[in-house]
Amino acid sequence: MTPGDATASSAGGNEGAESPSAAPESRNRKYVAMIVDGELHAMLAFKLYPAGGQVVGKYTLIHFDGSGREIRTKTDFNGRGTRTMFEFDGLTDYGNVKGTLSEDRTRLKFDRTFGVEKTRWTIVSSEDVFESAVKKYAKRFESCSKKKDYNPCEDVT
């Protein structure tokens, strides 16, 4: 699979075990989507259980304060879905968010924003890709965060 493809995985006690005869449509699928919007970094990591159409996952939103300190918020969510359409519950206080997977499986487009002001997110190969992007962004605060002034990293972009 290429880094932009969603990865398939098994659910339950046999984590990582897949039946070679199982049709791709019947396998549980894991998706990781991310977006970077300035200092905001957001990730949606979820599994689709096609047998019942259930979606279960975690939403992570990260921003950096005026001292360059990482502020991380995680939210569990659930919902329903098919191979290309999803409806997520628990991401906002204002109802469900709908998402559509692009035909080439590299983008997830939402019907509205949440956390960040962008609706087109990139599908990545793993949560490590997201964490790597956060670490790379955090490096820009290394020199200013050593200062003792109030909000020493306020103007870092």
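It should be noted that the structure appears before, not after, this text.
In this text the structure is predicted, and so the values were computed from the model without any measurement.

1. Concerning the pairing of strand β3 (residues 40–49)
Counting buried positions along β3 yields 8 of 10 residues, so the element is predominantly enclosed. Direction of pairing for strand β2 (residues 29–37) relative to β3: antiparallel, over a ladder of 9 bridges. Across the sheet, the residue bridging to K30 is K47, located in β3. Taking the residues that link successive antiparallel strands as the turn, the β2-β3 hairpin has 2 residues, and the phi of G38 there is positive, at about 65°. Pairing analysis gives 9 bridges linking β3 to strand β4 (residues 54–64), with the strands arranged antiparallel. What sits directly across from A45, in β4, is K58. Count of turn residues in the β3/β4 antiparallel hairpin: 4 residues, of which G53 carries a positive phi of about 75°.

2. Here we look at unusual backbone geometry
The phi dihedral of R105 falls on the positive side, at around 65°, and the residue is not glycine. Structurally, the position occupied by R105 is in the loop between β7 (97–101) and β8 (107–110).

3. Concerning helix α1 (residues 127–138)
With 12 residues, α1 extends 17 Å between its outermost C-alpha atoms, agreeing within 8% with the 16 Å of an ideal straight helix rising 1.5 Å per residue. Taken residue by residue, α1 has F130, V134 and Y137 as its buried positions. Projected onto a plane normal to the axis of α1, the buried residues spread over an arc of 65° and lie on a single side. Every exposed residue of α1 that faces more than 90 degrees away from the buried side is listed here: D128, K135 and K136. Of the surrounding elements, those touching the buried residues of α1 are β2, β3, β4 and β5 (70–81). Capping the start of α1, S126 holds a side-chain oxygen 3.2 Å from the backbone nitrogen of D128, two or three residues further along.

4. Quick look at the pattern of salt bridges
Going through the model one piece at a time under the given rule, you end up with 7 salt bridges. Residues D37 and K118 are paired through a salt bridge, measuring 4.0 Å at the closest nitrogen-oxygen approach. In this pair, D37 is assigned in strand β2 and K118 in the loop between β8 and β9 (120–123), connecting sequence segments 81 residues apart. A residue is classified by how much of its surface remains accessible, and D37, at 22% relative accessible area, is partly exposed. Given a relative accessible area of 37%, K118 falls into the partly exposed group. Between R80 and E87 there is a salt bridge whose closest N-O contact spans 3.1 Å. Assessed through its relative accessible area of 45%, R80 is described here as partly exposed. Taking the relative accessible area as the measure of exposure, E87 reaches 23% and is therefore partly exposed. Taken together, the salt bridges that share partners define one network made up of E70, R72 and E131.

Definitions and limits used
Residues numbered from 1 in each chain as written. Predicted model: local features only at pLDDT ≥ 70, side-chain atom pairs only at ≥ 80, totals over all residues. Heavy atoms only, no water. Buried < 20%, exposed > 50% of the residue type's maximum accessible area, 1.4 Å probe, protein only. Helix = DSSP H or I, 4+ residues; strand = E, 2+ residues; numbered from the N terminus. Pairing = 2+ DSSP bridges. Expected span 1.5 Å × (residues − 1). Arc of directions from axis to C-beta. Contact = heavy atoms within 4.5 Å. Polar contact = N/O pair within 3.5 Å; in protein donor to acceptor, adjacent residues only side chain to side chain. Salt bridge = Lys/Arg side-chain N within 4 Å of Asp/Glu carboxyl O.

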